[in-house]
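# Per-entry structural report
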2 protein chains.
Amino acid sequence: MNIYRYEENPLITPMDVTPYHKNFEVIGTFNAGVTEFNGETILVLRVAERPLSKDPNIVKAPVYNPATDELEVVELKKDDTRYDFSDPRVILDKETNKFVYLTSLSYLRLARSKDGRHFTIDDKPFVYPSNIHETFGIEDPRVTKIEDTYYVYFSAISPMGVGESLVSTKDFEQTVHHGMIFSPENKDVTIFPEKINGKYYALHRPVPSATGAPQVWIAESDNLLYWGNHQFLFGLRNNMWDDGRIGAGAVPIKTDKGWLELYHGASKDNRYCMGALLLDLEDPTKIVARSEKPLLEPETSYEVEGFFGNVVFSCGVLVEGDIVKMYYGVADTSMACAELSINEVLDSLTYY
Amino acid sequence: MNIYRYEENPLITPMDVTPYHKNFEVIGTFNAGVTEFNGETILVLRVAERPLSKDPNIVKAPVYNPATDELEVVELKKDDTRYDFSDPRVILDKETNKFVYLTSLSYLRLARSKDGRHFTIDDKPFVYPSNIHETFGIEDPRVTKIEDTYYVYFSAISPMGVGESLVSTKDFEQTVHHGMIFSPENKDVTIFPEKINGKYYALHRPVPSATGAPQVWIAESDNLLYWGNHQFLFGLRNNMWDDGRIGAGAVPIKTDKGWLELYHGASKDNRYCMGALLLDLEDPTKIVARSEKPLLEPETSYEVEGFFGNVVFSCGVLVEGDIVKMYYGVADTSMACAELSINEVLDSLTYY
């Protein structure tokens, strides 16, 4: 497998983005959805901002207040024995082992480029938390273009759980919020770019609690807003690179051999790689082939080191002929891009 | 609050039902959905059957095999240190604290009555596991009648998680399976019996994993098969009878003052009671009132003692004028019925 990582990588880093919130720092510009609009490459960036803190004994947690439309900051003492502060991303309740706060707030911001390598970042958010389901932020957007509308969907995080919500736009200025399309716990949704035999399809990644694992399901819809006929699609593989958690990544790519889905898989020790799945063109609930080995693994310094290292995580690609330009978040910190050949990817898969 | 428990309670017990599976025993006939059909009261019973076991050192787990359409029995040794056998309902993996098997298999069977107190039970299942999402059984049905169709929906259990699936019938003989309508983890769905301002609504109870608790959400649909616009509706209340887990119970009852939902709440030590919620008639995403105290608590011997004691759990009611005939499962074992006055329930609520 030939992987061509751009010389300009990482393409966007937190230093390139000015904080939107006063007294905050940008700690992540990553996991962007991607599309083309008006001749430009548009990255719908996840921007994570963290409250500045001078006191090392205080951990701050940003929480959006939908009643006032303002961002508030909760302060916790690091010696508070109720909480586990060891994961830099979250504050865990030791009793329930669930997170009760995030240490940063993510929202979506646009980055635009003429050449796909050099980006200019908008000053203001494109989509910002706006309701009770988004008080801990919105994360990991994907973009599906259907006719003249861009559907942008993302994880919506709140103390009630993590679900997947949807907005749409025609111009990347005005947006319409369509509410939550997959109820908690769910993330890593990708909506197919066209109807298949009269129905829309989406991959999604529920995280069950009583039994089961974080695995990928497929659902159908007739209007993109309401989803049903949920079916288990593909799962973890013991003692392989994707034995910890998996989730859909890029919007599926239509090829002659089937729908090519570039997905992320993490090992049990949280090393995130990208692999591929091939689904039947006429019936995407059927699996045709899958990667035995990752297509892309964290290897370069910007992939290995960062806020949460050893992560490559794609939320979207652009396709030009046989070339896939896979944009991907690295180390929960920055954005990068690598090019792959569709035919080489298809040849590398194990067919069932 | 006047509660009239039927003198015939429990109305149906495991002893009244012959096992469908050879070498199995019926251990539960409970948590039934209820409706009326052809002048009879129909209970869509959850019947739980357990493999007979002579060896006390062996725990048996029934698993439906969709490839062969047969029920298989897995045998585990009680001294297998990977598992925790302390909960009689499930076999837990000690490492993940998730269940890996159930000790019984549930399916749906009809009980019919002319007077609502004396029931005759069908010999065969009405709905039986039929696909990969139902290999551990189907549980806790509700029935919503819309026009001439009865929609029967239930928890579908498999190693991939617990979701909610839907079948429909017009005659309680032929059924159409519509697949899973709420993906894992979700149960305790109740679908409103009519459209409200052009949309169907359902209450549902996701169980998130990373953050959040088992609480009640509301979703909307235009065809009963695909659901979206998920919104958090109501939650646990600290140090009250419903501080552990809650879920919708009966199909909502239309009253002059709003949609009356009889829901179950469990305390942290798993004592299940029934309470009430009142939702706005025109906009069921708005809460009008709620019970401070339970309407019904486990008090009688058949409610307190059983396979899993201290449980009253209603999946459906019949309404005659001001009287609600609340059918309810007791102690995860049997069925009972109690009558309440709608006006007394409405008067007992705390209005917001």
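Residues numbered from 1 in each chain as written. Chains lettered and ligands numbered in written order. Predicted model: local features only at pLDDT ≥ 70, side-chain atom pairs only at ≥ 80, totals over all residues. Heavy atoms only, no water.

### Some points on the overall build of chain A
- In terms of regular secondary structure, chain A is built from 2 helices and 27 strands.
- Relative to the 2.2 N^0.38 estimate, which gives 20 Å for 352 residues, the radius of gyration of chain A is 19 Å and therefore close to what a compact globule would have.
- For the C-alpha atoms alone, the extent of chain A along its principal axes is close to 55 × 45 × 40 Å.
- Put simply, 51% of the contacts in chain A that link residues at least 6 apart link residues at least 24 apart.
- Surface accessibility of chain A: about 13,700 Å² in total, with carbon and sulfur atoms responsible for 45%.
- Once the 34 positive and 53 negative side-chain charges of chain A are each reduced to a mean point, those two points are 3 Å apart. (Helix = DSSP H or I, 4+ residues; strand = E, 2+ residues; numbered from the N terminus. Rg over C-alpha atoms; globule rule 2.2 N^0.38 Å. Contact = heavy atoms within 4.5 Å. Areas by Shrake-Rupley, 256 points an atom, 1.4 Å probe, with all protein chains shown as cover. Lys, Arg positive; Asp, Glu negative; His and termini not counted. Charge placed at Lys NZ, Arg CZ, Asp CG, Glu CD.)

### Here we look at the interface of chain B and chain A
- Taken together, the contact between chain B and chain A spans 42 residues of the former and 42 residues of the latter.
- When chain B packs against chain A, the two sides together hide about 3,400 Å² of surface, and 55% of this comes from carbon and sulfur.
- Where chain B touches chain A, the interface holds 0 salt bridges.
- Put simply, chain B and chain A have 22 residue pairs in polar contact (both at pLDDT 80 or more) between them.
- Those elements that place two or more of their residues in the side of chain B that touches chain A are strand S13 (161-169), strand S14 (176-182), strand S16 (200-206), strand S17 (216-221) and strand S18 (228-234) of chain B.
- Split by residue class, the side of chain B that touches chain A holds 19 nonpolar, 18 polar and 5 charged. (Buried area = accessible area lost by both parts, 1.4 Å probe. Salt bridge = Lys/Arg side-chain N within 4 Å of Asp/Glu carboxyl O. Polar contact = N/O pair within 3.5 Å; in protein donor to acceptor, adjacent residues only side chain to side chain. Nonpolar A, V, L, I, M, F, W, Y, C, P; charged D, E, K, R; others polar.)

### As for the relation of the copies chain B and chain A
- Laying chain B over chain A is done by rotating through 180° and shifting 0.0 Å along the axis; what remains is an RMSD of 0.0 Å. On this basis, the relationship between the two copies can be described by a two-fold rotation axis. (Least-squares fit on C-alpha atoms with pLDDT ≥ 70 in both.)

### Overview of the sheet that holds strand S26 (residues 334-341) of chain A
- One open sheet accounts for 4 strands, arranged S1-S26-S25-S24 (chain A); its pairing is antiparallel. Two strands close off the open sheet at either side, each with one partner strand: strand S1 (4-5) and strand S24 (312-320) of chain A. (Pairing = 2+ DSSP bridges.)

### Some thoughts on the state of the cysteines
- Under the counting rule described, the total for this entry stands at 0 disulfides over all chains.
- Free cysteine Cys315(A): the closest other cysteine sulfur is in Cys337(A), separated by 13 Å.
- As a non-bridged cysteine, Cys273(B) has Cys315(B) as the owner of its nearest cysteine sulfur, 16 Å distant.
- On the accessibility criterion, Cys273(B) (1% relative accessible area) is buried. (Disulfide = S-S within 2.5 Å. Buried < 20%, exposed > 50% of the residue type's maximum accessible area, 1.4 Å probe, protein only.)

### What to know about the confidence of the model for chain A
- Chain-level pLDDT for chain A is 97 on average; 100% of the residues reach the 70-or-more range.
- The ipTM value of the predicted complex is 0.97, and its pTM value is 0.97. (pLDDT = per-residue confidence, 0-100.)

### Side note on the pattern of salt bridges
Residues and elements named next belong to chain A.
- Evaluated as defined, the whole model comprises 48 salt bridges over all chains.
- Close ionic contact of Glu8 with Arg117 constitutes a salt bridge, the shortest N to O distance being 3.1 Å. On the criterion of sequence distance, the pair formed by Glu8 in the loop between S1 and strand S2 (24-37) and Arg117 in the loop between strand S9 (105-113) and strand S10 (120-121) is long-range, its members being 109 residues apart.
- Owing to a relative accessible area of 28%, Glu8 belongs among the partly exposed residues under this scheme.
- For Glu320, the salt bridge goes to Lys325, with nearest N and O atoms at 3.0 Å.
- The network of salt bridges with shared partners includes Arg237, Asp242, Arg290 and Glu292.

### What to know about the sheet that holds strand S6 (residues 83-84) of chain A
Residues and elements named next belong to chain A.
- One open sheet accounts for 3 strands, arranged S6-S7-S8; its pairing is antiparallel. Each edge of the open sheet is held by one strand with a lone partner, namely S6 and strand S8 (99-102).
- Pairing of strand S7 (residues 90-93) with S8 involves 3 bridges; the strand directions are antiparallel. Its bridge partner lying in S8, Leu92 is registered against Phe99.

### Regarding the environment of Phe154(B)
Residue and element names in this part refer to chain B.
- You can see Phe154 is positioned in strand S12 (residues 149-158).
- Considered as a pair, Phe154 and Thr190 are 36 residues apart in the sequence and their alpha carbons are 9.5 Å apart.
- Leaving out residues up to four positions away in the same chain, Phe154 has contacts with Leu108, Val127, Glu134, Ile138, Glu139, Asp140, Pro141, Gly163, Glu164, Ser165, Val167 and His177.

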